[in-house]
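# Structural features, examined
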Amino acid sequence: MDEALTLLGSGDVIAVPTETVYGLAGDATNGEAVARIFEVKGRPRFNPMIAHVSDMAMAERLVHFDEVSRALAEAFWPGALTLVLRLKDDATVHPLTTAGLHTLAVRMPRGFSSELIAALGRPLAAPSANSSGLITGTSAAAVEADLGPKIKLIVDGGATPIGVESTIVKVDGGQIYLLRPGGVAAEDIEKVTGLPLLRETGGKIEAPGMLASHYAPRAAVRLGAVEVSANEALLGFGPTRALGAEKAAAFLNLSERADLREAAANLFSYMRELDASGASGIAVEPVPTQGLGEAINDRLSRAAAPRHL
């Protein structure tokens with residue numbers, strides 16, 4: 001904790017565990033620290049970041065809460081839900097954190113990161129701790145393999161329990177829009193609010209994780225695989241295998257018992273392991289879209305999207 005606070009206080013960045021994935025954290029009020037996050041990740045400057053807070057009082061100093069957003073915060077904070085809210089005129093977050101938008105994505109995490117933010121007394125900008133567009137880190141070892149030479153501290157909190165990033169929603173005109181599926185299922189949000197969760201289709205970048213190509217391994221990703229091609233690794237789901245699975249260059253099963261929560265927790269680490277197998281591609285068996293399956297399929301579709309490197 002002391003080393004983390006010293007580095008953050010000097011404008012440096014560190015990797016920290018959260019319940020979703022590991023974050024690359026810097027003081028959200030310090031422009032040099034936020035710029036350092038962009039530098040370490042190789043992140044596009046038009047891609048906003050989430051400001052992580054330790055309590056409601058800190059959040060309310062940054063953003064305006066409407067009635068629906070407050071109900072969501074009360075139901076899911078601390079936890080894996082991010083709210084995109086209107087930025088207050090006197091908010092101290094640096095404009096680089098918001099990518100120049102008049103809104104701010106805010107989340108209240110659990111555990112060490114929450115204690116760290118409270119001790120620092122300022123919000124942390126903390127996108128996922130990985131090179132921009134590549135597989136997200138869900139363990140300290142994965143972060144070290146990717147970003148180790150670029151940062152001075154990785155706080156090892158073990159494997160992250162949820163394994164995919166937070167769900168991001170925005171309330172606008174009394175309606176709720178899903179900007180990124182994640183660790184809180186859409187159905188649970190709808191139960192709390194009594195409102196349908198609408199899918200955003202405008203194409204503009206309003207929150208992290210909305211780039212078309214994202215979370216990608218170096219090997220090509222092929223979705224909905226019912227058979228395995230030559231020199232492909234296979235990412236399975238459930239007890240039934242794709243045709244030719246026995247010939248796959250490598251094989252891992254997200255969940256033998258077809259448990260979506262287990263699959264989400266394994267997703268990024270298994271993609272990383274299959275990518276390291278040397279296979280030319282990764283074939284992915286179909287994953288259901290309900291519950292956490294929506295977040296899993298979102299990450300897989302972005303991993304499979306055409307890349308512009």
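Everything below is about the structure shown above.
Take the overall build of the protein next. The number of helices and strands found in the protein is 10 helices and 14 strands. Relative to a compact globule of 309 residues, whose C-alpha radius of gyration would be 19 Å, the protein shows 19 Å and is just as compact. Structurally, the protein occupies a C-alpha span of about 60 × 45 × 35 Å along its principal axes. Sorting the 309 residues of the protein into buried and exposed places 56% on the buried side.

This brings us to the environment of Thr 92. Counting through the fold element by element, Thr 92 comes out in the loop between strand S5 (81–87) and helix H5 (95–98). Each C-alpha atom of the pair Thr 92 and Arg 122 lies 9.0 Å from the other, and the pair is 30 residues apart in sequence. Residue contacts for Thr 92: discarding those within four places in its chain leaves Thr 29 and Leu 62.

Before going further, it helps to spend a moment on the nonpolar core. Within soluble globular proteins, side chains that are nonpolar tend to cluster in buried spots. Judged by nonpolar contacts, the single largest core of 87 residues is most densely connected at Ile 14, Trp 77, Leu 81, Leu 83, Val 169, Leu 235 and Leu 267. With eight residues, the single largest contributor to this core is helix H9 (residues 260–275). Beyond its immediate stretch of four places on either side in the chain, Leu 267 contacts Val 164, Leu 235, Leu 254, Ile 296, Arg 299 and Leu 300. By size, the runner-up hydrophobic cluster in this structure holds seven residues, among which are Val 228, Ala 245, Ala 248 and Ala 283.

The next thing to look at is the pattern of salt bridges. It is possible for side chains of opposite charge to pair when their charged atoms get near one another. Tallying each qualifying case throughout the model produces 13 salt bridges. The salt bridge partner of Glu 60 is Arg 70, with a shortest N-O separation of 2.7 Å. You can see Glu 60 sitting in helix H3 (residues 56–60) and its partner Arg 70 sitting in helix H4 (residues 67–76), a full 10 residues away along the chain. Given the relative accessible area of 30%, Arg 70 is considered partly exposed. For Arg 241, the salt bridge is made with Glu 285, and the minimal N-O distance between the two is 2.6 Å. Of the two residues, Arg 241 is situated in the loop between strand S12 (232–236) and strand S13 (251–253) and Glu 285 in the loop between strand S14 (281–284) and helix H10 (293–304); the sequence distance between them amounts to 44 residues. The class for Glu 285 is buried, based on a relative accessible area of 4%. Each member of the salt-bridge network shares a partner with another, and the members are Glu 165, Asp 298, Arg 299 and Arg 302.

All right, on to the pairing of S12 then. Most of S12 sits inside the fold, with five of its five residues counted as buried. Of the two faces of S12, both are covered, the one formed by Glu 232, Leu 234 and Gly 236 as well as the one formed by Ala 233 and Leu 235. Relative to S14, S12 runs parallel, the two sharing four bridges. Bridge assignment links Glu 232 to a residue of S14, and that residue is Gly 281.

Its location among the elements puts Gly 291 in the loop between S14 and H10. Along the chain, Gly 291 and Leu 260 lie 31 residues apart, while their C-alpha atoms are 7.7 Å from each other. Those residues within four positions of Gly 291 in sequence are excluded, and the remaining contacts are Ala 185 and Glu 187.

Taken N-terminus to C-terminus, the directions of helix H1 (residues 2–9) and helix H6 (residues 112–120) make an angle of 55 degrees; their axes are 10 Å apart at the nearest point. Of the possible angle classes, the one that applies to H1 and H6 is oblique. Between H1 and H6 lies a crossing whose hand is right-handed. Along the contact surface, H1 presents Ala 4, Leu 5 and Leu 8, while H6 presents Leu 116, Ala 119 and Leu 120. Of the residues contributing to the contact of H1 with H6, the split by class is six nonpolar, no polar and no charged.

Bringing unusual backbone geometry into the picture now. Residue Pro 78 follows Trp 77 across a cis peptide bond; omega there is -10 degrees. The phi dihedral of Asn 231 falls on the positive side, at around 60 degrees, and the residue is not glycine. Summarising the element assignment, Asn 231 is placed in the loop between strand S11 (220–222) and S12. A positive phi angle, close to 60 degrees, is found at Ala 258, a residue other than glycine. Mapped onto the elements, Ala 258 comes out in the loop between S13 and H9. Taking relative accessible area as the criterion, Ala 258 reaches 36% and is therefore assigned partly exposed.

Turning next to helix H7 (residues 140–147). All of the buried residues in H7 are Ala 140, Ala 142, Val 143, Asp 146 and Leu 147. Projection of H7 onto a plane perpendicular to its axis shows the buried side chains occupying an angular sector of 160 degrees, all on one side. In H7, the exposed positions angled more than 90 degrees off the buried face are occupied by Ala 141, Glu 144 and Ala 145. In this structure, the buried side of H7 is in contact with strand S1 (14–16), strand S2 (23–27), helix H2 (31–41) and H9.

Quick notes on the rules
Starting from 1, residues in each chain are numbered consecutively following that chain's sequence as written. With the structure being a predicted model, the display of local features is reserved for residues of pLDDT at least 70 and the display and counting of side-chain atom pairs for 80 or more, all residues being used for whole-chain, interface and lining totals. Here the side-chain values reflect all heavy atoms present in the structure, with hydrogen atoms and water set aside. Working definition: helices are DSSP H or I runs of at least four residues, strands are E runs of at least two. Numbering for both runs from the N terminus. C-alpha atoms define the radius of gyration, and 2.2 Å times the number of residues to the power 0.38 defines the globule rule. Buried, partly exposed and exposed residues are distinguished by accessible area as a fraction of the type maximum, computed with a 1.4 Å probe on protein chains only: under 20%, between the cut-offs, and over 50%, respectively. Whether two residues are in contact is decided by their heavy atoms, any of which lying within 4.5 Å being enough. Here the nonpolar core consists of buried residues drawn from Ala, Val, Leu, Ile, Met, Phe, Trp, Tyr and Cys, with membership extended through side-chain atoms lying within 4.5 Å. By convention in these notes, a salt bridge is any Lys or Arg side-chain nitrogen within 4 Å of a carboxyl oxygen on Asp or Glu. Pairing between strands is defined by DSSP: at least two bridges between them are needed. A fitted line through C-alpha atoms represents every axis, and for helices the fit uses only the stretch in contact; the resulting angles, taken between N-to-C directions, go from 0 to 180 degrees. Oblique is the label for every angle not falling under 35 degrees (roughly parallel), over 145 degrees (roughly antiparallel), or within 65 to 115 degrees (roughly perpendicular). Put simply, a crossing is left-handed when the front helix is turned counterclockwise from the back one by less than a right angle, and right-handed when it is turned clockwise. For this classification, Asp, Glu, Lys and Arg are treated as charged, while Ala, Val, Leu, Ile, Met, Phe, Trp, Tyr, Cys and Pro are nonpolar and the rest, including Gly, are polar. The arc in question is the one traced by the directions running from the helix axis out to the C-beta atoms.

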